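These are the residues of each chain, in order.
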Amino acid sequence: YFCRHGERWELQLKGSGKTPYSRNGDGRAVLRSSVREFLCSEAMHHLGIPTSRAASLVVSDDDVWRDQFYNGNIKKERGAIVLRLAKSWFRIGSLEILAHSGELDLLRRLLDFIIQEHFPSIAMNDSNRYLEFFSTVVSETANLISLWMSVGFAHGVCNTDNFSLLSITIDYGPFGFMDSYDPNFVPNTSDDERRYKIGNQASVGLFNLSKLLQALKPLLDPRQKQLASQILEGYGEHYHSRFTELFKTKLGLLGSNENDNYLIAFLLKVSLLC
C-alpha cells in the first residue's frame, strides 16, 4: 500500500516473477509490452479515463522468451518490470472464483471489505448493500466502456479477470487505438474469432456483469435477485445514454434533438466508408 494526500493506493509489480497466481506462466514481462503499458496508462489518465497508473519501469537483465505474434516463432527479448498502482486491483473474477468454489463466507467477507474500503456511499449496515454495490458497478462499467469508445480504445482481452470492480482500466495487454473507425478492429493477434473486437466491448461488458450477478446471487434474497436482474437490464440504457453524451460533446452539439442519434450513427458510417 502507498498513502498520498490521505488516499490509499495499492502497488503492484508486473514482470517480477512467479507468484501463487502465475499458473503455468513465468511471471515475467518484456520491455516492449512494459513500455506500452506505461505510456498508455498515463495517456488514458490524462484523457480523463479511469485507469491504473504507472509509477516506474525498470529494465531487467533477465532474458524472456515470447511468441510475439503467436505464430510459433519464439524469440528472446529483454525483460522489464513495471511498478503500477491503482486504488484496488480487485476484479469481477476475484468474486467469481469464490462463488464458483462455494467459498461463500470468504466471498461475503471480501465483498464487505471492498465495499467498506472503496464504496463509502454504501452503508455497511444496509441490508441492500450488495444490491447497491452491484448497481454502482453496472453504471460505472457502462460509463467506462463509453469512455473507451469515445477515444477509439480497444482493450483486447475483456474477460472477467480484466474487468475492475472499481470500473477502472487495468491490465494493458494487447490493447490498441483505432486509426480510423472500424467496429471490427481487433488489437489482439491471437483473437482469431474477434471476440473482443471494439464493436463488441459494450456487449462483453454486459456479459461480464452477468457473471458478477451470478457470483452475488448466493448472497441475495429472492427480492434482491429480482431487483438485481432489473438493474442489469438497465445497463444498455446507461451505456447508450453516456455514449451519446460523449459523442455529442465531441461534435459540439448543444441541448437535445431527436436527430442527434441519427447524426452520430451517420457520421460513424461515413468514417467507416472513408
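Everything numeric in this text was worked out from a predicted model, so none of it was measured.

Engineer: Describe the pairing of strand β4 (residues 75–86), listing the residues and the values that go with them.
Structural biologist: Remark: a regular strand shows side chains that alternate across the two faces of the sheet. Both strand β2 (residues 7–14) and β4 contribute to a ladder of 5 bridges, which runs antiparallel. If you follow Leu11 over to β4, its bridge partner there is Leu85. Strand direction decides the pairing type here: strand β3 (residues 53–66) and β4, joined by 10 bridges, are antiparallel. Across the sheet, residue Arg53 finds its bridge partner in β4, namely Leu85.

Engineer: Let's hear about helix α1 (residues 31–46): which residues, and what values?
Structural biologist: Between its terminal C-alpha atoms α1 stretches 23 Å, which fits the 22 Å expected from 16 residues at 1.5 Å a residue. Where α1 is concerned, the buried positions are Ser34, Glu37, Cys40, Ser41, Glu42 and Met44. Considering only its buried residues, α1 is in contact with β2, β3, β4, α4 (129–150), β5 (153–154) and β6 (176–177). Taken from the residues just after α1, Gly48 is the one with a positive phi, measuring 85 degrees.

Engineer: For the domain arrangement of the protein chain, give the residues involved together with the corresponding values.
Structural biologist: You'll often see interface size given as the accessible area lost when the parts meet. Along its sequence, the protein chain is organised into domain 1 (10–86) and domain 2 (92–251). For domain 1 versus domain 2, the separation of C-alpha centres amounts to 23 Å. Counting residues at the interface gives 18 residues for domain 1 and 18 residues for domain 2. Carbon and sulfur atoms supply 63% of the area that domain 1 and domain 2 bury against each other, a total of about 1,400 Å² over both sides.

Engineer: Describe the packing of α4 against helix α7 (residues 235–251), and please don't skip the residues or the numbers.
Structural biologist: Here α4 crosses α7 at 35 degrees, and the two axes come no closer than 8 Å. The chirality of how α4 crosses α7 is right-handed. Along its contact with α4, which presents Val138, Ser139, Ala142, Asn143, Ile145, Ser146, Leu147, Met149 and Ser150, the element α7 presents Tyr235, His238, Tyr239, Arg242, Phe243, Leu246, Phe247 and Lys250. A per-class count over the contact of α4 with α7 returns 10 nonpolar, 5 polar and 2 charged.

Engineer: Explain unusual backbone geometry residue by residue, including any values.
Structural biologist: At Ser167, a residue that is not glycine, the phi angle is positive and equals roughly 55 degrees. Structurally, Ser167 is set in the loop between β5 and β6. Positive phi, close to 60 degrees, is recorded for Asp171, a residue that is not glycine. Relative to the helices and strands, Asp171 resides in the loop between β5 and β6. A relative accessible area of 13% means that Asp171 is categorised as buried.

Engineer: Could you give an account of the packing of aromatic side chains, with specific residues and numbers?
Structural biologist: Under the criterion given, the structure shown has 11 aromatic pairs. Judged by centre distance (6.1 Å) and plane angle (65 degrees), the ring pair of Phe153 and Tyr172 falls under edge-to-face. With Phe153 in strand β5 and Tyr172 in the loop between β5 and β6, this residue pair connects regions lying 19 residues apart in the sequence. Judged by relative accessible area, Phe153 falls into the buried class, the value being 0%. Given a relative accessible area of 2%, Tyr172 falls into the buried group. When the centroid spacing of 6.2 Å and the interplanar angle of 20 degrees are considered together, the rings of Tyr262 and Phe266 count as stacked. Placement of the pair is Tyr262 and Phe266 together in helix α8 (residues 260–273), with a separation of 4 residues, close to one helical turn. Among the residues examined, Tyr262 registers a relative accessible area of 59% and is labelled exposed. Among the aromatic residues, ring-to-ring pairing joins Trp148, Phe153, Phe163, Tyr172, Phe175 and Phe177 into one connected group. The ring of Phe175 has Arg36 sitting right over it, with the charged end atom 4.1 Å from the ring centre. A cation over an aromatic ring shows up here: Arg195 above the ring of Phe207, its NZ or CZ 5.6 Å from the ring centre.

Calculation notes
- Residues numbered from 1 in each chain as written.
- Predicted model: local features only at pLDDT ≥ 70, side-chain atom pairs only at ≥ 80, totals over all residues.
- Heavy atoms only, no water.
- Pairing = 2+ DSSP bridges.
- Helix = DSSP H or I, 4+ residues; strand = E, 2+ residues; numbered from the N terminus.
- Expected span 1.5 Å × (residues − 1).
- Buried < 20%, exposed > 50% of the residue type's maximum accessible area, 1.4 Å probe, protein only.
- Contact = heavy atoms within 4.5 Å.
- Domains from an automatic or database assignment.
- Buried area = accessible area lost by both parts, 1.4 Å probe.
- Axes fitted to C-alpha atoms, helices over the stretch in contact; angles between N-to-C directions.
- Left-handed = near helix turned anticlockwise from the far one by under 90°.
- Nonpolar A, V, L, I, M, F, W, Y, C, P; charged D, E, K, R; others polar.
- Phe/Tyr/Trp six-rings, centres within 6.5 Å; stacked < 30°, edge-to-face > 60°.
- Lys NZ or Arg CZ within 6 Å of the ring centre and 35° of its normal.

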